[in-house]
Amino acid sequence: MRLTGAFFLRYNRHFIALRVLMQIHRLKGYIQEIYLVEYAHGLLLLDGMSRCDIDMLRRFITGTLGRPFTDLKLVVVTHMHPDHAGAAQALRNISGCRIASADKKRQWYGGLHGAGKLMVDMYLAHWMAAKMKKARRNIWYWPYLRPDYRLRHGDALPGFDDWCVLETPGHTDRDLSLYHAESRTAYTADLILKLKRGLAVPFPVFLPQAYRASLQQMADLQPHTLLLAHGGEIQPEAADFGTMLALAPTQPLTLLASIRRRIHNHLNAFSPR
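Residues numbered from 1 in each chain as written. Predicted model: local features only at pLDDT ≥ 70, side-chain atom pairs only at ≥ 80, totals over all residues. Heavy atoms only, no water.

Engineer: A description of helix 3 (residues 88–95) should follow, citing residues and the corresponding values.
Structural biologist: When helix 3 is considered as a whole, its buried residues turn out to be Ala-88, Gln-89, Leu-91, Arg-92 and Ser-95. For helix 3, the arc enclosing every buried residue in end-on projection is 160°, short of the 170-degree limit, so these residues lie on one face. Buried residues along helix 3 sit in contact with strand 6 (42–45), helix 1 (54–64), strand 7 (72–76), helix 2 (82–85) and strand 8 (98–102). The first or second residue beyond helix 3 is Gly-96, which carries a positive phi of 85°. (Buried < 20%, exposed > 50% of the residue type's maximum accessible area, 1.4 Å probe, protein only. Helix = DSSP H or I, 4+ residues; strand = E, 2+ residues; numbered from the N terminus. Arc of directions from axis to C-beta. Contact = heavy atoms within 4.5 Å.)

Engineer: Give me the lowdown on the sheet that holds strand 10 (residues 156–157), citing residues and values where you can.
Structural biologist: A sheet is described by the order of its strands in space; here six strands give the open sequence 10-11-12-13-16-17, paired in mixed fashion. The outermost strands of the open sheet, each flanked by one partner alone, are strand 10 and strand 17 (232–234). Pairing of strand 16 (residues 225–228) with strand 17 involves three bridges; the strand directions are antiparallel. If you follow Leu-228 over to strand 17, its bridge partner there is Gly-232. Across the sheet, helix 5 (residues 208–221) is in contact with strand 11 (160–167), strand 12 (176–180), strand 13 (185–189) and strand 16; its angle to strand 11 comes to roughly 140°. (Pairing = 2+ DSSP bridges. Axes fitted to C-alpha atoms, helices over the stretch in contact; angles between N-to-C directions.)

Engineer: I'd like to hear about a positive patch on the surface, residue by residue, with values.
Structural biologist: A cluster of basic side chains, namely Lys-131, Lys-133, Lys-196 and Arg-197, defines a positive patch on the protein surface. Relative to the helices and strands, Lys-196 is located in the loop between strand 14 (193–195) and strand 15 (198–200). (Patch = residues over 30% accessible without salt bridge, like charges linked within 9 Å, V, L, I, M, F, W, Y side chains within 5 Å. Areas by Shrake-Rupley, 256 points an atom, 1.4 Å probe, with all protein chains shown as cover. Salt bridge = Lys/Arg side-chain N within 4 Å of Asp/Glu carboxyl O. Lys, Arg positive; Asp, Glu negative; His and termini not counted. Charge placed at Lys NZ, Arg CZ, Asp CG, Glu CD.)

Engineer: Describe in detail helix 1, supporting the description with residues and values.
Structural biologist: Within the span of helix 1, buried status applies to Ile-54, Leu-57, Phe-60 and Ile-61. Projected down its long axis, helix 1 shows its buried positions confined to an angular sector of 130°, all on one face. What points out from helix 1, more than 90 degrees from its buried face, is the exposed set Arg-59, Gly-63 and Thr-64. Trailing helix 1 by a residue or two, Gly-66 shows a phi angle of about 65°, which is positive.

Engineer: Talk me through unusual backbone geometry; I want residue IDs and the actual numbers.
Structural biologist: The omega torsion of the bond from Phe-203 to Pro-204 falls at 5°, within 30 degrees of zero and hence cis. Of note, Pro-204 is situated in the loop between strand 15 and helix 5. Residue Lys-133 is not a glycine yet carries a positive backbone phi of 60°. By secondary structure assignment, the location of Lys-133 is in the loop between helix 4 (111–131) and strand 9 (149–151). A positive phi angle, close to 55°, is found at Gln-222, a residue other than glycine. Structurally, the position occupied by Gln-222 is in the loop between helix 5 and strand 16. You can call Gln-222 exposed: its relative accessible area is 54%.

Structure (structure tokens):
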């Protein structure tokens, strides 16, 4: 676990007030990093975790922090994948917290096509766990989200207005990042991955042009710190964003698109010349 914290001074016309201490706790989740932001007035969870992370989070809040679980006030769901949305609705039932997510009317996993995407994403989550040598856990969750708050680009997080929402689609159509301007810290969910071989593009990428625009938006923001869901905390340089833009796909990077390209290449290899 790593703690980062800072005091912030805010000037008012009549007085200077000391802002409450903010601490960002980084916890190891099942297949992703978990970022819990602690304030005196409540706790903010920057993403919806995996379903099997709930007991660990409860132990940390009630044991390590010595706070009631009901101090968890807001959970953000950056997108609907199992390791980012899997615990959100259960946490709302248990702690009474609220859920914030993108302002999208259509469910990501809606319809037959959505059901197929869910099966692929569940498989990929289990595959990642196996690759990380994690025991198989139950990560099934109700995949249809009803958030309490539907947020758009530039909106402040309810109850935690020092964090604002950035729309960073590409990985899916509804990805959110979160930015804390005073510390120049951004939580980017799956926008950027850090693997053993270096920075990497997520899989899938449904909207390649939007993905490149999201990377450029983050590069223009020039954050001091990036909190990655897969890879931990990094201090990015301009060259890192250049690397990511060079790696960004120009066509959809999905399982179905990959199968179609393989079939197309196979047919072309045997077509008469």
